[in-house]
Amino acid sequence: MQGEWAYLKSHFSAEQCDAIIGKALQLQEMQGKMGPDSSKVTDWRRSTIRGIMRTPEWEFLYKEIDALTAKVNAEWFQLDYTHLPAIQFASYDEKDQGCYKRHCDTFLAPLPTHRKISFTVQLSDENSYEGGDLCFYDVCALPKQDNMRVRGTVCFFPSIVFHEITPVTKGIRHSLAGWYEGPHWR
């Protein structure tokens with residue numbers, strides 16, 4: 001492994017981000033949950049989510065993320081992964097101090113596959129909200145926070161890395177997240 005995270009600054013244009021936000025906001029909204037069965041609603045995660053499935057309407061996004069993940073994984077992580085089940089559109093709103101406290105994305109439970117590579121896409125303009133930073137824990141080096149907030153930036157990291165989204169104190173932060181799965185960690 002070359003590092004514990006990698007990002008592509010401004011990969012998606014502002015127009016692409018706006019188009020993704022507009023389409024995603026038409027999908028059914030749910031409360032963000034925690035856990036492998038996605039049934040726990042707690043104060044640990046305050047956000048709304050919408051599921052983006054691999055359909056013809058969203059194939060452009062999946063193809064782009066698939067290609068980026070293959071490239072970044074080959075250069076940085078060399079993890080054994082097989083598929084991306086879905087992409088999640090998340091909204092963190094100031095009205096409830098939207099956040100997702102310190103967590104990792106994989107569940108070392110007896111599931112058929114484990115999450116291996118996590119990614120986020122920063123969709124909101126970095127000046128349209130305050131707070132809402134993606135922060136990593138227990139890593140050797142930290143990315144520049146200003147770069148991570150730039151609209152269109154895609155960040156990748158092994159799903160075992162602890163991270164959080166700090167509370168949004170003004171505005172709304174929209175982002176995508178996804179988890180490539182593969183054989184069990186060993």
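Now for a quick tour of the structure.

The rules behind the values
Residues numbered from 1 in each chain as written. Predicted model: local features only at pLDDT ≥ 70, side-chain atom pairs only at ≥ 80, totals over all residues. Heavy atoms only, no water. Pairing = 2+ DSSP bridges. Helix = DSSP H or I, 4+ residues; strand = E, 2+ residues; numbered from the N terminus. Buried < 20%, exposed > 50% of the residue type's maximum accessible area, 1.4 Å probe, protein only. Contact = heavy atoms within 4.5 Å. Phe/Tyr/Trp six-rings, centres within 6.5 Å; stacked < 30°, edge-to-face > 60°. Lys NZ or Arg CZ within 6 Å of the ring centre and 35° of its normal. 1 Å grid on protein atoms, 1.4 Å probe; cavity = no way out; pocket = protein on both sides within 12 Å on 5 of 7 lines; lining within 4 Å. Points joined across faces, edges and corners; volume = space filled by probe spheres on them.

## Here we look at the sheet that holds strand β11 (residues 163–165)
With antiparallel pairing, the four strands of this open sheet are ordered in space as β3-β6-β11-β9. The sheet is open, and its two borders are formed by β3 (45–46) and β9 (134–136), each paired with just one other strand. Note that β3 and strand β6 (residues 99–103) share two bridges and pair antiparallel. Looking across to β6, one finds that R46 is bridged to C99.

## Details of unusual backbone geometry
Phi angles above zero are rare outside glycine, and S10 is one such case at about 55°. Judged by relative accessible area, S10 falls into the partly exposed class, the value being 39%. One non-glycine residue with positive phi stands out, namely Q78, at about 55°. The topology assignment puts Q78 in the loop between α2 (59–77) and β5 (87–93). By relative accessible area, which is 46% here, Q78 ends up partly exposed.

## Re the side chain of S124
If you trace the backbone, S124 turns up in the loop between β7 (114–122) and β8 (129–131). Look at S124 and you get buried, because its relative accessible area is 4%. With sequence-adjacent residues up to four places away left out, S124 is seen in contact with Y129, R149, R151, I172, R173 and H174.

## A few points about the packing of aromatic side chains
Summed over the entire model, instances satisfying the criterion amount to six aromatic pairs. With a centroid separation of 6.3 Å and an interplanar angle of 45°, the aromatic rings of F119 and F156 are classed as tilted. You can see F119 sitting in strand β7 and its partner F156 sitting in strand β10 (residues 154–158), a full 37 residues away along the chain. Note on F156: relative accessible area 0%, which makes it buried. Members of the aromatic cluster, connected to one another through ring pairs, are Y81, F119, F156 and Y180. The ring of W179 has R115 sitting right over it, with the charged end atom 4.0 Å from the ring centre. Seen from the ring of W185, K116 lies directly overhead, with NZ or CZ sitting 5.1 Å from the centre.

## As for empty space enclosed by the protein
One pass over the full model with this rule turns up two cavities of 30 Å³ or more. In this structure, the largest cavity encloses a volume near 160 Å³. If you trace the largest cavity, you find 19 residues lining it, with Y92, T120, H163, A177 and W179 closest to the centre. At the level of elements, β5, β6, β7, β11 and β12 (168–182) are the ones that each hand at least two residues to the lining of the largest cavity. Sorting elements by how many residues they give to the lining of the largest cavity places β12 first, with six residues.

## A short note on the pairing of β6
Pairing of β6 with β11, which is carried by two bridges, proceeds in the antiparallel orientation. When the bridges of β11 are listed, Y100 appears paired with I165.

## Structural notes on the pairing of β7
Within β7, eight of the nine residues are buried, leaving the element largely enclosed by the surrounding structure. Both β7 and β12 contribute to a ladder of eight bridges, which runs antiparallel. Along β12, the bridge assignment pairs V121 with L176. Two elements, β7 and β10, share five bridges in a ladder whose sense is antiparallel. Across the sheet, I117 pairs through a bridge with P158, a residue of β10.

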